Amino acid sequence: MDPYQGAASIPVHITVLRGNNLRGIKNEPFLNFVRVEFNGIVLGDSHKLEVPVDECMNYNFTCSFECSDVGYTLDDLAHKPIILTVIEVLPKEKKQKEEKTSVLGQAIVDLLPLLRGQWSFSSTVVLHPAPGSPSEISLQDEGIKPTLEVTVSVPEPLLSDSQLSESNLLAVTVETAYSVPDVWNLALGPSCSYVAALQVPLTAEKEQILLFSNGVLKMGGEREPVPRPKKWPISPLLAPDAQFIPGNCIEGELTDLEDGDLTSIEDQEFRAEAECNRKRVSWDTERRCFVDAGGAACLTRRIAECRLWPVEVMRSPQAGAAKVAVGKASKEKTQAEDEIQLPFHGVAYVDLAPLLYPGAKCVRGAYVLHPFYDSDLLLKTKRKMSVLWESMKAPAAQGRPRPPSSVGSCKAAPSKVFETLKASRDNKEVARKTGKLDQCESITDAEPQVNAEGQMYADSRSYIVIEIALEKPLVPKRPPEELAKRVMELIPPRPPLPQRPAGAERAVQDYQAQIASVGAQVLEQYQQMFGDLFVPGAKPLDSATEEQRKRQLLGELNYSGKYFAFKEQIKYSVVRIVREKMLRTEAFTDAEQLQVFLSQLYVFLVDEMHAALNKTLSADAPEVQPEPLLDCSQLRHFAKEALLNEEYQLAAQYYQEQLARDRSNPSHWFDYGVFYMLTADYLKAEECFQLAVFIKQVNVPSLLMCGILSEMSGRYEDAETFFERATCIEPSCVVAWTLFGLFYLAQENLIRAEMAFGEATKQLRTAVVCSPGCRQETVYDNQTPTEGGRQEEVKFRQSLANPVDKHAVEVDGDKLELGAQSSQVIKTEEDYNANADPKPDVLQQNQSTRLSTTIYMETVTFLLQNYALQMAQRALAQQLLCPDGGPSSSYHLALAHVKLLQGQYSSAKASLQESLNDSFQNPDAWALYGHLKYLTKDYNQAQKCYERTLDFVTDASDTHTVYLRLGSIYLQSREYEKAKTTYLRACRSTPSCLTWLGLGIACYRLGELTEAEDALSEANTLNNRNPKVWGYLALVCLQTGRKLEAEQSYKYALKFSFPDEPLLQEIRELQDRVGFGNPSFP
């Protein structure tokens, strides 16, 4: 049962308190009264009162009407205002039988506050003067506005709290139709009416047809003013200014932020021309509808079933109605229906799916007008009947046209009129239109005759601007506080565990604590014995006195038994050191071994005793810990370098050391999680990302990775929470919105997926507008931009004196036919800005630029950096379906990167060849091609690719890997001079242990021992656990005759598990030749 039906009627009281600044026809006291109207019905007139000049007039007039579901409904209150008309009673002339009156002005009172739960409200409304009235003249001369003070009240709220929370207000604004057919002409006179119509559900059972029939045809030549007020959906008033809704205007909006059909760059150019120079029909009217809970649910369900909503348009030769050819009065009803004609019948299909986005409350945009066909209506909207035809059918059946009105509302009809009409009635109507009774079951099979007048909309490229807004979103959006609380529930607080020493370290600390305790007791005993003899400022004691006091102290300790107690106190800690530090748990069988062990133990205990006493008795400042040689950025760089060489254990050590420096840094945990993503240990990766979120919940990359891993493990609600929280924290993040869309796409929630992708595209365009130098390019002479828009390609083409038609590059026997090189000049963004106006219009800037990337490629970059390969493949699949995407060079490059990480080298090779065909001057593509050849051990071709990469004007995104691998190839081929140059460039840009090691090897092979030792020393400083560095240091020391250092370097090389057998053999041969360097030598 509908909770809004069957309720008792509630009176609405309107009280006109007083009027201010009222003036009559003559500048003297005058007689007047106030007339109150609602819905075309006069509610009452006040008493006729005389108004003194320049004084307020107290009317104190009250009238009312009943609000119920039968008479004046809640929907009437939503869109129909109270009209107050002030009327002057003119003095009677001689022989005049009746009084003459003159309308001074009209005021409008909006009843919307009653639908928002208010019992009463007061308002001071402007009395808009009628044309030629004294108030109009006074307003022009003195700027004084006449006003009325009004109070509206109800004895009880019109809506209960539950009804107020569940209901909604829907506002439909039909603004302007642009580029209308040229045959429309003002010479046709005012007899033509321009009508727009649509149907919306108000309750679960009833739907309302909204007719906008107050369109005004205007010629081109200037734009519509912005902002401009919206009009009431009522008949024309006596005071023209009273037709505008107070405080409700049509605001200008960037076209790229609109919904609708015309949002591309080409469409923006057409709209800019059409909205200035072409004919248009202006309505600028807002119709508000009260929608109850059932109606809101019905609207949501209808949009989910079919997202397109038809808005029909026509031009009628009679004001307010379609042309109805009616014969004699005796004709039957069906004949009148057959003769209904809808001239210039068009339709715009408004996509209302954005209203199902969480938190969305408005859809506004320009929608193309199409010629109306029943088959298209059924195919696109699943509706079987024209709204205009249905609204005109009842008046036509009675043999009269529909009465004129500004905006009409047909009587509410059951909502099933569009879904389950009776078959016999539909079949007859379809057969009557098409003349094919045997095909009446399928309207699409029975196409009606060509809509010639409607086709003019398509020929003129007509479109209409419509806004549909809600007071409350149909799908509420979770607030940030709730999302933050939900994330905290998914990642509960984990208090840090206290750092407790264990094992050998704890045993040593216990021993030092006992030594400190015994020392304090000895000092206390000394204070008792010799404290009275202390003289401040006296000379230090001589040696004889010190020795005497020492003997007295020891004698007292032995005599009192404290000496024995001290030994017992320390004994337990010494036993723990023997067991846990010295690892001795069994008795010695050899006296000599026992003596050696006791000597070592004694030395250790004495050293630790000194350390403990120094901490206790020292008055010096605490020792300053030296700063570590490597910072966190270097550790991260070395870890990635180790991952490149598949040294996962070394990379883990670097990440763990980074965490040891600062465990409260979320980026350190994020890096550690990325490491586990590469090793496919997703449980540990998720734990690291969750720790990063726990430390800092606004860490968007960690939230995104938590969402990706939650989806991979099937926890879809958790994944949605993480993605939504990320978009809430950083609404401008393109990657977050795109990943959110990919998630919804996998869940087959197409509407929300479209919402997320649309928001990502909007944010990407906004970023381009704010920073024009990023991710966009300027195109001239209708030239197709190369994917990526790289500046080095522009410079390379400009530097060519004699361009050729095709370039053929042979790599590994594969001849890559590269596309024809255009001889047209491409200007860069900087060149364009230098010649352009210093303050270009945003619209013009958007027209001259286009995105050189897409939201999917931006997201793929993030996913590849963090080794989320499954999600990266899904993003690449969407890139193929994207209108601005497709199989571009960047797409093939990213796909090759994915295949390379997956070990699918043949697929990676095919993708790289496609990428190079599209953009042969892309250094990243050549670098990745070199990596492919390097991993497949084709070092000759890898060398060619790397050399080509480094020859480009602009470097690749990762030159460090190129330097390392190219240098290693040079070392293998004994091209030491080239290796030295390559490693020097690497050391200059991104120094590391491996770059200095490579430089040291090259210098050693060239016989430059001093330079080799310097480079190897730098490598050893950055990583003193690299056995290869120690091995080459041993070679240098052997060559320079330094026996002790050669032997020490050799021992460290063996200690760290020297892996290079040929180098080890070379070291041993050199040791044999020089006769030293090996500790095993006699």
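Residues numbered from 1 in each chain as written. Predicted model: local features only at pLDDT ≥ 70, side-chain atom pairs only at ≥ 80, totals over all residues. Heavy atoms only, no water.

As recorded in an unreviewed UniProt entry, the chain goes by Cilia and flagella associated protein 70 and comes from Pygocentrus nattereri.

Chemist: What exactly am I supposed to notice about the overall build of the chain here?
Modeler: In terms of regular secondary structure, the chain is built from 39 helices and 27 strands. Counting every position in the chain, which comprises 1082 residues, the buried fraction comes to 47%. As displayed, the chain has an accessible area near 54,500 Å², and 51% of this comes from carbon and sulfur atoms. (Helix = DSSP H or I, 4+ residues; strand = E, 2+ residues; numbered from the N terminus. Buried < 20%, exposed > 50% of the residue type's maximum accessible area, 1.4 Å probe, protein only. Areas by Shrake-Rupley, 256 points an atom, 1.4 Å probe, with all protein chains shown as cover.)

Chemist: Explain the pairing of strand S2 (residues 30-38) to me, please; I cannot follow it from the model alone.
Modeler: For a regular strand, side-chain orientation follows a simple rule: the groups alternate between the two sheet faces. The buried count for S2 comes to seven of nine residues, which makes it a mostly enclosed element. Here three bridges tie S2 to strand S4 (residues 49-51), and the two strands are oriented antiparallel to one another. When the bridges of S4 are listed, Phe30 appears paired with Val51. Across eight bridges, S2 lies against strand S6 (residues 82-90) in antiparallel orientation. Bridge pairing links Arg35 to Thr85 in S6. (Pairing = 2+ DSSP bridges.)

Chemist: I tried to follow the UniProt feature "repeat: TPR" (unreviewed entry) in the chain on my own but got confused; where do I start?
Modeler: The UniProt entry lists residues 923-956 and 960-993 under the feature "repeat: TPR" (unreviewed entry), expressed in the numbering used here. Secondary structure within residues 923-956 divides into 76% helix and 0% strand; the distance between the first and last C-alpha atoms comes to 5 Å. Helix makes up 82% of residues 960-993 and strand 0%, and the two end C-alpha atoms of the span are 12 Å apart. (UniProt positions renumbered as here; feature names shortened; annotations may be inferred.)

Chemist: Even after reading the chapter, I still don't get the nonpolar core, so can you show me in this structure?
Modeler: A general feature of soluble globular proteins is that nonpolar side chains tend to end up buried together. Counting 165 residues, the largest nonpolar core has Trp283, Ile464, Phe689, Leu704, Leu739 and Leu863 as its most contacted members. Apart from the residues lying within four places of it in its own chain, the contact partners of Phe689 are Phe670, Gly673, Val674, Met677, Ser702, Met705, Cys706 and Leu709. Among the nonpolar cores identified, the runner-up in size contains 41 residues, and Ile10, Leu74, Leu84 and Val125 belong to it. (Core = buried A, V, L, I, M, F, W, Y, C linked by side-chain atoms within 4.5 Å. Contact = heavy atoms within 4.5 Å.)

Chemist: Explain helix H34 (residues 976-989) to me, please; I cannot follow it from the model alone.
Modeler: One full turn of an α-helix is made of 3.6 residues, so residues set three or four places apart face in the same direction. A rise of 1.5 Å per residue sets the reference length of H34, with its 14 residues, at 20 Å; its end C-alpha atoms lie 20 Å apart and thus fit the reference within 8%. Within the sequence span of H34, burial applies to Tyr976, Ala979, Lys980, Thr982, Tyr983, Ala986 and Cys987. In the core, the buried residues of H34 are packed alongside helix H33 (959-972) and helix H35 (993-1005). (Expected span 1.5 Å × (residues − 1).)

Chemist: I keep staring at the confidence of the model for the chain and nothing clicks. Help me out?
Modeler: Low pLDDT means the predicted atomic positions in that stretch should not be read closely. Model confidence for the chain is summarised by a mean pLDDT of 80, while 80% of its residues fall at 70 or above. The model gives residues 319-334 a pLDDT under 50, and that stretch makes 33 contacts with residues more than four places away or in other chains. Every residue in residues 817-849 is under pLDDT 50, and counting partners more than four places away or in other chains gives 63 contacts. (pLDDT = per-residue confidence, 0-100.)

Chemist: Is there a simple way to explain unusual backbone geometry in this structure?
Modeler: Generally, phi is negative for residues other than glycine and the peptide bonds are trans, each holding for most cases. Put simply, Val226 and Pro227 share a cis peptide bond, and its omega is -5 degrees. Position of Pro227 among the secondary structure elements: in the loop between strand S13 (206-218) and strand S14 (228-231). In this structure, Ser179 takes a positive phi of about 55 degrees despite not being glycine. Along the polypeptide, Ser179 turns up in the loop between strand S11 (168-178) and strand S12 (193-201). The exposure class of Ser179 is buried, given its relative accessible area of 2%. In this model, Tyr867 sits at a positive phi of 60 degrees, which is unusual for a non-glycine residue. Tracing the backbone through its elements, the reader meets Tyr867 in the loop between helix H27 (855-865) and helix H28 (869-881).

Chemist: Where do I start with the environment of Ala872 in this structure?
Modeler: Position of Ala872 relative to the elements: it lies in helix H28. Once the C-alpha coordinates of Ala872 and Tyr856 are considered, the two residues, 16 residues apart in sequence, prove to be 8.9 Å apart. Not counting the four nearest positions on each side in its chain, Ala872 is found in contact with Val860, Leu863, Leu864 and Val898.

Chemist: Looking at this structure, how should I read the packing of helix H30 (residues 905-918) against helix H31 (residues 923-935)?
Modeler: The description of two packed helices rests on the angle between their axes and on the distance between the axes. Running from N to C, H30 and H31 point in directions that differ by 155 degrees, and their axes come no closer than 10 Å. In this view, H30 runs roughly antiparallel relative to H31, as classed from their interaxial angle. The interaxial crossing formed by H30 with H31 has left-handed handedness. Two secondary-structure elements touch here, H30 through Tyr905, Ala908, Lys909, Leu912, Gln913, Ser915 and Leu916 and H31 through Ala925, Trp926, Leu928, Tyr929, Leu932, Lys933 and Leu935. Of the residues belonging to the contact of H30 with H31, the class tally is ten nonpolar, two polar and two charged. (Axes fitted to C-alpha atoms, helices over the stretch in contact; angles between N-to-C directions. Parallel < 35°, antiparallel > 145°, perpendicular 65-115°, else oblique. Left-handed = near helix turned anticlockwise from the far one by under 90°. Nonpolar A, V, L, I, M, F, W, Y, C, P; charged D, E, K, R; others polar.)

Chemist: Whenever I open this one, the pattern of salt bridges confuses me. Can you help?
Modeler: Pairing between side chains of opposite charge can happen when their charged atoms approach one another. Scanning all chains against the criterion turns up 39 salt bridges. A salt bridge links Asp284 to Arg228; the shortest N-O distance between them is 3.0 Å. In this pair, Asp284 is assigned in strand S17 (residues 280-291) and Arg228 in strand S14, connecting sequence segments 56 residues apart. Of the two residues, Asp284 and Arg228, neither departs from the other in class, the shared state being buried. The closest approach of N and O atoms between Glu1008 and Lys980, which form a salt bridge, is 2.9 Å. Taken as a pair, Glu1008 in the loop between H35 and helix H36 (1009-1022) and Lys980 in helix H34 lie far apart in primary sequence, 28 residues in all. Overall, Lys980 belongs to the buried group, its relative accessible area being 17%. (Salt bridge = Lys/Arg side-chain N within 4 Å of Asp/Glu carboxyl O.)

Chemist: Looking at this structure, I do not really get the side chain of Ser911. What am I missing?
Modeler: Along the chain, Ser911 falls in helix H30. Here Ser911 falls in the buried class, since its relative accessible area comes to 8%. If near-sequence neighbours (up to four positions away) are discounted, Ser911 is found in contact with His892, Leu895 and Ala896.

Chemist: Please explain the environment of Glu1066 as it appears in this structure.
Modeler: Topologically, Glu1066 is positioned in helix H39 (residues 1061-1074). Glu1066 gets classed as partly exposed once you look at its relative accessible area, which sits at 25%. If sequence neighbours within four positions are ignored, Glu1066 has contacts with Tyr1004, Arg1005 and Leu1035.

Chemist: Sorry if this is basic, but what is going on with the side chain of Arg302 here?
Modeler: Following the sequence through the fold, Arg302 ends up in helix H5 (residues 293-305). Polar contacts involving the side chain of Arg302 include one to the side chain of Glu207, which spans 2.3 Å. (Polar contact = N/O pair within 3.5 Å; in protein donor to acceptor, adjacent residues only side chain to side chain.)

Chemist: What is the right way to look at the packing of helix H19 (residues 682-695) against helix H20 (residues 700-712) in this model?
Modeler: Taken N-terminus to C-terminus, the directions of H19 and H20 make an angle of 145 degrees; their axes are 9 Å apart at the nearest point. For the pair H19 and H20, the crossing hand works out as left-handed. Where H19 abuts H20, its residues Tyr682, Ala685, Glu686, Phe689, Gln690, Ala692 and Val693 lie against Ser702, Leu703, Met705, Cys706, Leu709, Ser710 and Met712. A class-by-class count of the residues in the contact of H19 with H20 yields ten nonpolar, three polar and one charged.

Chemist: Explain the sheet that holds strand S5 (residues 57-67) to me, please; I cannot follow it from the model alone.
Modeler: Backbone hydrogen bonds are what pair the strands of a sheet, in a parallel or an antiparallel way. Taken in spatial order, the four strands make up an open sheet running S5-S1-S10-S8, and their pairing is antiparallel. Where the open sheet ends on each side, the last strands, each with one partner, are S5 and strand S8 (120-126). Between one strand axis and the next, the sheet turns through 20 degrees on average, direction left out of account. For strand S1 (residues 10-20) and strand S10 (residues 147-153), the ladder comprises seven bridges, and the chain directions are antiparallel. When the bridges of S10 are listed, His13 appears paired with Ser153.

Chemist: Got a minute to help me understand H33 in this structure?
Modeler: Under the 1.5 Å per step criterion, the end-to-end length of H33 is 20 Å for 14 residues, consistent within 8% with the ideal 20 Å. Arg974 sits one or two positions beyond H33 and adopts a positive phi of about 60 degrees.

Chemist: Got a minute to help me understand the environment of Ile708 in this structure?
Modeler: Inspection of the secondary structure assignment puts Ile708 in helix H20. Between the C-alpha atom of Ile708 and that of Leu739, which follows or precedes it by 31 residues, the distance is 8.3 Å. Those residues within four positions of Ile708 in sequence are excluded, and the remaining contacts are Phe723, Leu739, Leu863, Ala868 and Met871.

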